[in-house]
Amino acid sequence: MERKIRVLVAKPGLDGHDRGAKVIARALRDAGMEVIYTGLRQTPEQIVSAAIQEDVDVIAMSILSGAHNHLFPRVVELLKEQGVDDVLVFGGGVIPEEDIPFLKSKGVAEVFGPGTPTSKTIDFIKTNLKRTLS
Amino acid sequence: MTELVRRCIAGDTRAAARLITLLESQDRAAYMALYRLKDHVGHAHVIGITGPPGAGKSTLADKLITQFRARGLKVGVLAVDPSSPFSGGAILGDRLRMQSHATDLGVFIRSLATRGSLGGISKATHGAIRVLDAAGYDIILVETVGVGQSEIDVVRVADTVVLVSVPGLGDDIQVIKAGIMEIGDIFVVNKADRDGADRVVRELRAMLETQAQLTRGQSPAAGPDTLAARDPDFMHHAGIEPGTQPESAFSEQVSETPPVLKTIAENGTGVAELTNTILKHLDRLASTGELEHARLESIKYQLGQFVFEEIDHLLSATDLTNVRDELARKVFSRKTDVYSAGMALFERVFQQGADHGHSQA
Amino acid sequence: MADNEKLEQDFNAWNAKVEKANEKYPERKKQFVTGSNASVNRVYTPLDQGDFDYRTQLGLPGEFPYTRGVQPTMYRGRFWTMRQYAGFGTAEESNARYKYLLDQGQTGLSVAFDLPTQIGYDSDHPLSEGEVGKVGVAIDSLADMEVLFDGIPLDKVSTSMTINAPAAVLLAMYIAVAEKQGVSPEALNGTIQNDILKEYIARGTYIFPPSPSMRLITDIFEFCAKQVPSWNTISISGYHIREAGSTAVQEVAFTLADGIAYVQAAIKAGLGVDDFAPRLSFFFNAHNDLFEEIAKFRAARRVWAHLMRDRFGAKNPKSWMLRFHTQTGGSTLTAQQPDNNIIRVTLQALAAVLGGTQSLHTNSRDEALALPTEEAVRIALRTQQVIAYESGSAETVDPLAGSYYIESLTDRIEKEVLTYIKRIDDLGGAVKAIEQGYVQQEIQDSAYAWQMDVEKGERIIVGLNKFQVRENAPKGLLRVDPEVGERQKRKLAALKETRDAASVEKALVSLRNAARGSDNLMAPILDAVRVYATLGEICGVLREEFGEYRPNVMF
């Protein structure tokens, strides 16, 4: 039987704008994925430990506060420390384009800005999974 | 796989998590792996938390984790949420309430989607419990989806079932009356600071008392107010034939009226007492031999389930699907009838199963 | 009546003709809808107004039910307050931006705080890591507040502070700064947002559970009624509800339902309705559908006036008036072709003015990308000035009244708002409806529907899903100095060295005792602030006593 794609949707940092995270969560569910929604104010440590226990394929994070350069790379770093190398990590939110090369160099696979259609995110996940589904 | 099992037994979080994933995907090799866990299971106390949607099950689970941790126990949590019948996807949000424990190494939280199961837990829940048991978790909390009246499979996996109710859900008592009353070992009225909490407690106590009296007076299978009488279908599902089980696990559990407790999970009120009551319940089960009995019943049920699933699995193989379709056409054109065709199909399934078992061995 | 019958005949005949022509030359779409998905007719006539009664439904400006505005002369007296929300980095940097804005003709200040401040953490708290000074100014203690308002006479400006869970603490700091400037609390003008319910619903910067949060709010009501009489003690906000994806109707309905909850809480706390209701203010969003937005503001005023007079028995006309601030819709801005945002903001600002707003913030074109630059903020402010001085919109009161479309929209919104309020009443009021996740779920449903409409191309966003161009990454965005966090931490450490530790300790103990009892908390908070207890310390005590809120998330 084919495995389900499991995605952790989290909001690191302190901002409370979760409209995007919730819309994405719903869209991923409607695309047949299992979404673990951890809500607001998540530390990188909480995100990584939840990702491991939930054995997710993907960590999707949203930040609108401007703390992305600090928090996204920290999540990738912690995953490495734990020896996890098969989780796809990407982010979204209000993130200036000039920050994207830095984030990618730190291991964030992609950064989606405002106005990204959910279908694009879904395709991205399906084509970039690091683990096979069967 | 052997490596995964070894690491799981050694308490490795990632290995346990990965094994659960494989079980969820009905991976054959993972089923085999469960065999290797057998010497390491049977130690955990499995607690089911069930009740209607909005009763505060996740918040209660969160506070129970704190209590068990304070008593030095390691806690595994399996939180079940429904899959979407349309897309097969799911949003699993129970974990959100327990995220403050995410970084505690003595706590493992896993969200499970029902994936089509209707009984309030997912098919993989049995296996996931064994994995967490083998990985060294002392307590395993199983939080079911919000139950209506038929989602009672949790009784088949849990040693202690905590049934959570809450005032102000309208006909909450009615919901309980309608079918799930019997599965509760401990009753909790959560959000007890709300209006109507005492009324819910009174009504629950009255119902439990009536039930206990009835059960004491009559044999459980024939009694007017038992699960067997009301829902023979459930008993059938549970692998219990009415009348053939003179000592049903249920009859002994209700021989003492289950306690009814009040909690306000939001601020932790009453949760320490609930924790003690849960631990006491297990002690009593262990000392009276009920635990052994109940677990044996549960295994019987699982065996039955396993056979159903295997048949299902076999039936979905192409050659048998073809046989079925052909037989169906024959029934349709009145060349045979549904019972004869069914027996013929069953024999083919049986044959296939024997071959299948042979090739496995 | 006879007139209407004749009109109806005319209309039906006309409609039949148009439908026939429509078969050959169809309209652009099968169904026309507003920005909030309500259906829109081909044309509006007196037939749509039913038993319209001018006197009861509209009345005159400055008179019940205030549909046409809360003042008799509106902008002929004076323009709305042009108030740009600003703040970032340290108090020094924000202070410079405020002085710049005042020099540019802005007439009120609007303080944005960073997230640690909004959630009651000091800059050295582990959760503050990476967030200090990012979305607003970092305030740890009275020392920072003194710098923030240095050289700005607090008796001359009105200051709006977007602060909610720790509103009491920031208000106390403001009062303490004023004291040091020699300005008495009675002379202070301004607003604290202080609206915790919409934090639970949409904005997310909550700290405490509902019940102690409501106590803090009613404590502020009571304190200000006596000591800071001109202060707007709350800004009941629909802005963030709309940003979270609600419709226009939901924005008004959930905001007014929150308002009802605050009024009930204050009455339950023993306050007389007319003692605090005149100081209640509101905060709405303005989106692109010009007419629906204008109607929304008019309907909100009418519903609130009736609620206050008829449901709560308020006698003072000031209690009946819904006064509001407007901010243009942040979620309507696109990261694509950001200059187009200037036009969106213009339409939205015009809607707010034609809807009778008391003050206005216009978003800057680059806010879908980052905090605004000084140049972008200036254009946004100029947009308001062009509307005020050049468009003619401010020369008469409520110029669109009597438009068949506008009045029909106003009536519809009013009706749908009342239906929602009834449903929330049935659930036991706004607090219960929020705890059960009802309000949040309604908003999420609208947000998801909107997103799907955009993705299917059923809703066109210029530059986003139509008329796209290839663009280079925008240059020259405002960047908050990454060293802000470290600087702020050093300032905080230095403060803790120099302040009188014993008085801080004593003040915090008194605060704890007050929190355990039922005395008004403003006095002990003011005492703590004056001896330089930090925001994190004060909120820390309250966290320990009150506990923390955990959201109920449903999908």
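Before reading on, note that the structure itself is shown above.
Here's what I pulled together on the structure shown here.

Right, let's talk about the interface of chain A and chain B for a bit. Contacts between the two partners involve 30 residues from chain A and, on the opposite side, 29 residues from chain B. Taken together, both faces of the contact between chain A and chain B bury some 2500 Å²; the carbon and sulfur share is 50%. For the pair chain A and chain B, the number of links is six salt bridges. Joining chain A to chain B, the criterion identifies 21 residue pairs in polar contact (both at pLDDT 80 or more).

All names here are of chain C. For the pair helix α10 (residues 248–268) and helix α16 (residues 404–426), interaxial distance at closest approach is 9 Å and the crossing angle is 45°. With respect to each other, α10 and α16 are oriented oblique. The two elements α10 and α16 cross, and the hand of that crossing is right-handed. Taking contact as the criterion, the partners of Val249, Gln250, Val252, Ala253, Phe254, Leu256, Ala257 and Ile260 in α10 are, on α16, Arg412, Ile413, Glu416, Val417, Tyr420, Ile421 and Ile424. Each residue belonging to the contact of α10 with α16 can be placed in one class, and the counts come to twelve nonpolar, one polar and two charged.

The next thing to look at is empty space enclosed by the protein. Taken as a whole and assessed by the stated rule, the structure comprises eight cavities of 30 Å³ or more. Reported here for the second largest cavity is a volume of approximately 90 Å³. Asp18, Arg19, Lys22, Val23 and Arg26 of chain A together with Ile201, Ala244, Gln440, Ile443, Gln444 and Ala447 of chain C are the residues that line the second largest cavity. Looking at the lining of the second largest cavity, the elements that each hand over two or more residues are α1 (19–30) of chain A together with α18 (438–455) of chain C.

Bringing the interface of chain A and chain C into the picture now. Tallying the contact residues gives 36 residues for chain A and 42 residues for chain C. Overall, the association of chain A and chain C removes approximately 3100 Å² of surface from exposure, summing both partners, and the carbon and sulfur fraction of that is 55%. It is Leu14, Arg19 and Arg26 of chain A in chain A that bury the most area against chain C; as a group they hold 26% of the surface buried on that side. For the pair chain A and chain C, the interface holds one salt bridge. The salt bridge involving Arg26 of chain A is made with Asp445 of chain C; its shortest N-O contact spans 2.7 Å. In this assembly, chain A and chain C are joined by ten residue pairs in polar contact (both at pLDDT 80 or more).

This part is about the environment of Arg279 of chain C. All names here are of chain C. As for its placement among the helices and strands, Arg279 is situated in the loop between α11 (273–276) and β8 (280–286). Relative accessible area serves as the criterion here: at 23%, Arg279 is assigned to the partly exposed category. Spatially, the C-alpha atoms of Arg279 and Asn232 are 4.9 Å apart, while their sequence positions differ by 47 residues. Side-chain polar atoms of Arg279 contact the backbone oxygen of Trp231, separated by 3.1 Å.

A separate point is the pattern of salt bridges. Applying the stated criterion across every chain, the model contains 72 salt bridges over all chains. For Asp30 of chain A, the salt bridge is made with Arg29 of chain A, and the minimal N-O distance between the two is 3.2 Å. Look at Arg29 of chain A and you get buried, because its relative accessible area is 19%. Of the charged contacts, one joins Lys330 of chain B and Glu326 of chain B as a salt bridge, the two residues approaching to 3.9 Å between their closest N and O atoms. Here Lys330 of chain B and its partner Glu326 of chain B are both found in helix α13 (residues 318–332), four residues apart, which amounts to about one turn of the helix. Taking the relative accessible area as the measure of exposure, Lys330 of chain B reaches 34% and is therefore partly exposed.

Residues and elements named next belong to chain C. Strands sit in the order β2-β3-β4-β5-β6 across an open sheet of five strands; the sheet is parallel. Edge positions in the sheet fall to β2 (85–86) and β6 (231–232), since each of these pairs with one other strand and no more. Strand direction decides the pairing type here: strand β5 (residues 189–192) and β6, joined by two bridges, are parallel. Across the sheet, residue Gly190 finds its bridge partner in β6, namely Trp231. Across the sheet, helix α3 (residues 91–103) lies against β2 and β3 (109–112), angled at about 155° from β3, the strand it touches most.

Okay, the pairing of strand β5 (residues 139–143) of chain B next. Residues and elements named next belong to chain B. With respect to burial, β5 is a largely interior element, five of its five residues being buried. Neither face of β5 is left uncovered, since the one carrying Ile139, Leu141 and Glu143 and the one carrying Ile140 and Val142 both have all their residues buried. In this structure, strand β1 (residues 45–50) lies alongside β5, joined through five bridges in parallel fashion. When the sheet's bridge partners are listed, Ile47 is paired in β5 with Leu141. Relative to β5, strand β2 (residues 75–81) is paired through five bridges, and the arrangement is parallel. The residue of β5 that forms the bridge with Ala79 is Glu143.

Parameters and conventions
- Residues numbered from 1 in each chain as written.
- Chains lettered and ligands numbered in written order.
- Predicted model: local features only at pLDDT ≥ 70, side-chain atom pairs only at ≥ 80, totals over all residues.
- Heavy atoms only, no water.
- Contact = heavy atoms within 4.5 Å.
- Buried area = accessible area lost by both parts, 1.4 Å probe.
- Salt bridge = Lys/Arg side-chain N within 4 Å of Asp/Glu carboxyl O.
- Polar contact = N/O pair within 3.5 Å; in protein donor to acceptor, adjacent residues only side chain to side chain.
- Axes fitted to C-alpha atoms, helices over the stretch in contact; angles between N-to-C directions.
- Helix = DSSP H or I, 4+ residues; strand = E, 2+ residues; numbered from the N terminus.
- Parallel < 35°, antiparallel > 145°, perpendicular 65-115°, else oblique.
- Left-handed = near helix turned anticlockwise from the far one by under 90°.
- Nonpolar A, V, L, I, M, F, W, Y, C, P; charged D, E, K, R; others polar.
- 1 Å grid on protein atoms, 1.4 Å probe; cavity = no way out; pocket = protein on both sides within 12 Å on 5 of 7 lines; lining within 4 Å.
- Points joined across faces, edges and corners; volume = space filled by probe spheres on them.
- Buried < 20%, exposed > 50% of the residue type's maximum accessible area, 1.4 Å probe, protein only.
- Pairing = 2+ DSSP bridges.

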